[in-house]
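# Close look at the chain arrangement
Here is how the chains run, residue by residue.
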Amino acid sequence: ALPRAAPRAAPVRVTPSAAAAPVASKFDKMKLKFGSLPKADEAQSGFSYDEFESAMDSYNVKLSIGDIVLGTVHTVEQDSAIVDIAAKASAMLPKAELSVLPVDTAADYLVEGDQREFEIISNEDENGQRTVSLRRIEFRRSWERVLQLQAEDITVMSDVISVNRGGCLIAVENLRGFLPGSHMAQRQPYDDLIGSQIAVKFLEADQAKNRIVMSNRRAVVEQQMREFAPGEIVEGTIQAVKPYGAFVSTASGISGLLHISQISHDHIDDVQKYLELGQPVKCMIINQDKEKGRISLSTKTLEPEPGDMIKNPQVVFDRAEEMAARYHQR
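About the thresholds
Residues numbered from 1 in each chain as written. Predicted model: local features only at pLDDT ≥ 70, side-chain atom pairs only at ≥ 80, totals over all residues. Heavy atoms only, no water. 1 Å grid on protein atoms, 1.4 Å probe; cavity = no way out; pocket = protein on both sides within 12 Å on 5 of 7 lines; lining within 4 Å. Points joined across faces, edges and corners; volume = space filled by probe spheres on them. Helix = DSSP H or I, 4+ residues; strand = E, 2+ residues; numbered from the N terminus. Nonpolar A, V, L, I, M, F, W, Y, C, P; charged D, E, K, R; others polar. Core = buried A, V, L, I, M, F, W, Y, C linked by side-chain atoms within 4.5 Å. Buried < 20%, exposed > 50% of the residue type's maximum accessible area, 1.4 Å probe, protein only. Phe/Tyr/Trp six-rings, centres within 6.5 Å; stacked < 30°, edge-to-face > 60°. Lys NZ or Arg CZ within 6 Å of the ring centre and 35° of its normal. Pairing = 2+ DSSP bridges. Axes fitted to C-alpha atoms, helices over the stretch in contact; angles between N-to-C directions. Polar contact = N/O pair within 3.5 Å; in protein donor to acceptor, adjacent residues only side chain to side chain. Contact = heavy atoms within 4.5 Å.

### Focus: empty space enclosed by the protein
Enumeration over the complete set of coordinates arrives at 1 cavity of 30 Å³ or more. Estimates place the volume of the largest cavity at around 40 Å³. Considering the residues around the largest cavity, the lining is formed by Gln 279, Pro 280, Val 281, Lys 282, Thr 299, Met 309, Pro 313, Val 316 and Phe 317. Where the lining of the largest cavity is concerned, the elements lending two or more residues are β14 (280–289) and α7 (313–318). Of the residues that constitute the lining of the largest cavity, the class distribution is 6 nonpolar, 2 polar and 1 charged.

Set out below in structure tokens:
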């Protein structure tokens, strides 16, 4: 007998491999997530799903380093703050980027809900978060104010932060400036100046080098110069005698030059013959130099008679105001 053939195995049905599923868009995921909601009639709404998705994409703002954005402080921590800048992730504001001034804690400077302008200073990290800064905006705006004040030659009141052998470190529009000891008006800087305010004018403001140099002497001289208009009478003493004239020190500390040609109507060949150190004199101001803080003086215009400064200088001193009035009436 022939052997019985083995039963035939059922044929295996081979199905073609399924095509790769399309990647779901952001809006597809939204439809899956909220699929249980009643579906709106696109025809009645006048706005299709595709149009809505396109509109959503248009609000995906592209941010770059250096951009200035309006943000809202969401959370304030000890050393940082979280800021909502209307991006896909909140931004980080570290304590070092809070201000150009020293900050102990972020809570000392910010309150939750504050709306401020922030500068983007980093690209997105792996979580989509960026770093923002307030300090850089403050720094830039402080320099704008400093350069404007310098251009207008404004006198500013500055706080003294610290003192060293070379001068003072002062605050100028929240920036650090240097006041050399040689540009103090009356004295060298001492520790008791720390915390006080001092009037200063600009000597140098270089944003590229982040350098500000100020002068207290210029500010004081400018104020004093307002009291020394040409034609006014000043009283002082002879401070130094030179071949070309004499320097007169006034009570306000301003030094004036009494040139040899302005001493008398008569010819003078040797100043030391007629003026001596410590001698009191009254002079008329004929010019002023605000940059050097000096005034040009004349006793010649105050002589009752030509040659009186040589023959009888006391008469010139006693009648100075009278002769000045006559001079102005001419």
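Next, the rest of the story.
### With respect to the nonpolar core
Counting residues in each nonpolar core, the largest one holds 26 residues, and the members touching the most others are Ile 238, Ile 263, Leu 275, Ile 295, Leu 297 and Leu 302. Looking at this core, the elements with two or more residues in it are α5 (216–225), β11 (233–242), β12 (245–250), β14, β15 (294–298) and α8 (320–329). The greatest single-element share of this core, amounting to 4 residues, is contributed by β14. Val 156, Val 160, Val 163 and Leu 193 belong to the second-largest nonpolar core, a separate cluster that totals 19 residues.

### Concerning the packing of aromatic side chains
The description of two aromatic rings rests on the distance between their centres and on the angle between their planes. For the coordinates displayed, the defined rule picks out 1 aromatic pair. Note on Tyr 244 and Phe 247: the rings are 6.3 Å apart at their centroids and 85 degrees apart in plane angle, and the pair reads as edge-to-face. Here Tyr 244 falls in the partly exposed class, since its relative accessible area comes to 40%. The residue whose ring lies beneath Lys 282 is Phe 317, and the NZ or CZ to ring-centre distance is 4.8 Å.

### Digging into the sheet that holds β12
Spatially, 5 strands are ordered β11-β12-β13-β15-β14 in a closed barrel, and the strand pairing comes out mixed. When strand polarity is set aside, the average angle formed by the axes of neighbouring strands in this sheet is 50 degrees. Relative to β12, β11 runs antiparallel, the two being bridged by 6 bridges. Bridge pairing links Ile 238 to Val 248 in β12.

### Some points on the side chain of Glu 97
Position of Glu 97 relative to the elements: it lies in the loop between β3 (91–94) and β4 (115–120). Within the local environment of Glu 97, its side chain forms a polar contact with the side chain of Ser 133, the two groups lying 2.5 Å apart. Setting aside anything within four residues of it in sequence, one finds Glu 97 in contact with Ile 121, Val 132, Ser 133, Leu 134, Arg 135 and Arg 136.

### Description of the sheet that holds β4
Taken in spatial order, the 5 strands line up as β3-β2-β1-β4-β5 in an open sheet, and their pairing is antiparallel. If you trace the sheet from one side to the other, it starts and ends with β3 and β5 (132–133), each paired once. Across 2 bridges, the pairing between β4 and β5 is antiparallel. Within β5, the position partnered with Glu 119 by the bridge is Ser 133. Packed onto the sheet, helix α4 (residues 135–151) meets β1 (68–76), β4 and β5 and runs at close to 90 degrees relative to β4.

### Digging into the pairing of β4
Relative to β4, β1 is paired through 5 bridges, and the arrangement is antiparallel. Counted as the bridge partner of Ile 68 is Glu 119 from β4.

### So, the pairing of β11
Relative to β14, β11 is paired through 5 bridges, and the arrangement is antiparallel. Looking at the pairing, Ile 233 lines up with Met 284 of β14. Taken together, β11 and the strand that follows it, β12, pair antiparallel across an intervening segment of 2 residues.

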